[in-house]
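A structural walkthrough
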Amino acid sequence: MKASNILILTLCTFLPLTARAGMPQVPVNGDYSYHTFTDADDASMPYRMLAPANVDEGVRYPLVVFLHGAGERGDDNEKQLTHGASLFSNPANADRYPAFVIFPQCKEKSWTADKADPRGFMSGAPVPAESETEKTLMRLIGDVVAANPIDPSRIYIVGISMGGIAAYDIVCRHPNVFAAAVPICGAVNPERLADAKDVKFMIFHGEDDEEVPSICSREAYKALSAAGAQVDYVEFAGIGHECWSSAFNYPTLLPWLFAQTKSEAKADGPALSYIDDKDE
């Protein structure tokens with residue numbers, strides 16, 4: 001059977017994609033403050049935010065956008081911290097890499113579309129329209145950047161499972177916004193990645209993933225390499241879909257992530273800029 005047919009059958013079997021939907025909820029991470037973003041169209045999105053312990057005057061900090069998997073969907077503004085939040089709030093990491101970190105929560109079926117169609121990940125598939133959830137997310141990012149001392153050349157996106165798929169999708173649509181992307185057990189139509197060749201990538205996947213097959217990340221790596229992108233790919237032998245803990249513990253993840261900078265910081269509009277009255 002062709003690899004493309006295997007991919008479609010496997011994804012159809014396991015959709016909706018999950019990030020361990022039945023896992024007990026971890027205690028609330030009190031280091032992340034509670035927020036709800038509402039845009040001009042009255043669309044809203046809950047999110048939690050970690051800020052640097054000390055914000056120095058005149059200093060601008062990186063922004064990390066973390067997209068959760070299907071198991072953390074909802075509107076309780078809690079579950080999205082289940083995976084990955086402690087990586088950034090851990091005191092040792094927070095001291096070494098001071099940054100703003102946001103964990104938005106997807107209230108819909110998916111970040112990218114109401115129904116995940118595995119055929120959309122195959123070469124030759126048409127590019128789906130940007131979802132309303134993604135549009136709200138981008139407005140949220142713009143709002144956070146405008147309200148805080150964030151370096152627009154150091155905006156990063158990380159995603160697991162459903163969020164890994166969204167991380168690919170979003171950087172393909174908005175490559176000028178993001179300096180680096182870390183898709184973990186995600187998938188994308190590899191033909192789209194030429195649009196994101198100026199974004200740096202560190203991709204993770206479990207070799208034995210039966211929900212989102214590792215061929216998805218392998219093909220993404222090949223496409224990015226062919227486009228001339230800076231890309232690293234780490235595949236964990238003997239690990240299935242839930243490879244994010246291994247990714248979070250990968251020793252060079254944070255040093256690599258926080259070292260990335262866009263050579264020419266560009267934005268999709270004035271919303272992605274920080275205005276400090278003290279600068280006037």
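Below, the structure is looked at part by part.

Each value, and the rule that gives it
- Residues numbered from 1 in each chain as written.
- Predicted model: local features only at pLDDT ≥ 70, side-chain atom pairs only at ≥ 80, totals over all residues.
- Heavy atoms only, no water.
- Helix = DSSP H or I, 4+ residues; strand = E, 2+ residues; numbered from the N terminus.
- Salt bridge = Lys/Arg side-chain N within 4 Å of Asp/Glu carboxyl O.
- Buried < 20%, exposed > 50% of the residue type's maximum accessible area, 1.4 Å probe, protein only.
- Expected span 1.5 Å × (residues − 1).
- Axes fitted to C-alpha atoms, helices over the stretch in contact; angles between N-to-C directions.
- Parallel < 35°, antiparallel > 145°, perpendicular 65-115°, else oblique.
- Left-handed = near helix turned anticlockwise from the far one by under 90°.
- Contact = heavy atoms within 4.5 Å.
- Nonpolar A, V, L, I, M, F, W, Y, C, P; charged D, E, K, R; others polar.
- Core = buried A, V, L, I, M, F, W, Y, C linked by side-chain atoms within 4.5 Å.
- Pairing = 2+ DSSP bridges.
- Arc of directions from axis to C-beta.

This part is about the environment of Ala125. Here Ala125 shows up in the loop between β4 (100–104) and α4 (132–147). In the structure, Ala125 is positioned 64 residues away from Asn189 in sequence and 7.3 Å away in space, judged by C-alpha atoms.

Moving on, we come to the pattern of salt bridges. With the rule as written, the count across this model stands at ten salt bridges. Of the charged contacts in the structure, one is a salt bridge between Arg48 and Glu78, with a shortest N-O distance of 3.4 Å. Residue Arg48 is located in strand β2 (residues 44–50), and its partner Glu78 is located in the loop between β3 (61–67) and α2 (85–89); the two are separated by 30 residues in the primary sequence. Among the ionic pairs, Lys135 bridges to Glu132, the shortest N-O distance being 3.2 Å. Of this pair, Lys135 and Glu132 both sit in helix α4, three residues apart, which is roughly one turn of that helix. Its relative accessible area of 30% is what places Lys135 among the partly exposed residues. Of the residues examined, Glu132 reaches a relative accessible area of 53% and is grouped as exposed. Each of Glu134, Asp169, Arg173 and Arg192 takes part in salt bridges that share partners, so that together they form one network.

Over its twelve residues, helix α5 (residues 162–173) runs 17 Å from end to end, which matches the ideal 16 Å to within 8%, given 1.5 Å per residue. Of all twelve residues making up α5, eleven are buried, and the element is well covered by its neighbours. Those residues of α5 lying buried are Met162, Gly163, Gly164, Ile165, Ala166, Ala167, Tyr168, Asp169, Ile170, Val171 and Cys172.

Before going further, it helps to examine the packing of α4 against α5. For the pair α4 and α5, the least separation of the axes is 12 Å and the interaxial angle reads 70°. In terms of axis orientation, α4 runs roughly perpendicular to α5. Regarding α4 and α5, the two cross each other, and that crossing is right-handed. Between α4 and α5, the residues in contact are Glu134, Leu137 and Met138 and Ala166, Asp169, Ile170 and Arg173, respectively. Residues belonging to the contact of α4 with α5 are distributed by class as follows: four nonpolar, no polar and three charged.

Before going further, it helps to examine the nonpolar core. A general tendency of soluble globular proteins is for nonpolar side chains to be buried together. Ranked by internal contacts, the top residues of the largest apolar core, which has 43 residues, are Leu63, Leu137, Ile141, Ile157, Phe178, Leu193 and Phe201. At the level of secondary structure, the elements contributing two or more residues to this core comprise β2, β3, β4, α4, β5 (150–160), α5, β7 (200–206) and α6 (215–226). For this core, the element with the highest residue contribution is α5, accounting for seven residues. In this structure Phe178 touches Met138, Ile141, Ile155, Tyr156, Ile157, Ile170, Val171, Val199 and Lys262, once residues within four positions along its chain are discounted. Counting 33 residues, the second largest nonpolar core, distinct from the first, contains Leu50, Val182, Met202 and Cys243.

Here the focus is the pairing of β7. Judged by how many residues are buried, β7 sits mostly within the fold: seven of seven residues are covered. Where strand β6 (residues 180–184) lies against β7, three bridges are found, and the strand directions are parallel. Looking at the pairing, Ala181 lines up with Phe201 of β7. Pairing of β7 with strand β8 (residues 231–236) involves six bridges; the strand directions are parallel. Following the sheet pairing, Met202 is matched in β8 by Asp232.

Before going further, it helps to spend a moment on α6. When the terminal C-alpha atoms of α6 are compared, their 16 Å separation across twelve residues agrees well with the 16 Å that a helix rising 1.5 Å per residue should span. Among all positions of α6, only Cys216, Ser217, Ala220, Ala223 and Leu224 are buried. Buried residues along α6 cover an arc of 125° about the axis, so they all sit on one side.

Moving on, we come to unusual backbone geometry. The phi dihedral of Asn77 is positive, around 60°, even though this residue is not glycine. With respect to the element layout, Asn77 can be found in the loop between β3 and α2. Its identity is not glycine, yet Ser161 carries a phi of approximately 55°, on the positive side. Summarising the element assignment, Ser161 is placed in the loop between β5 and α5.

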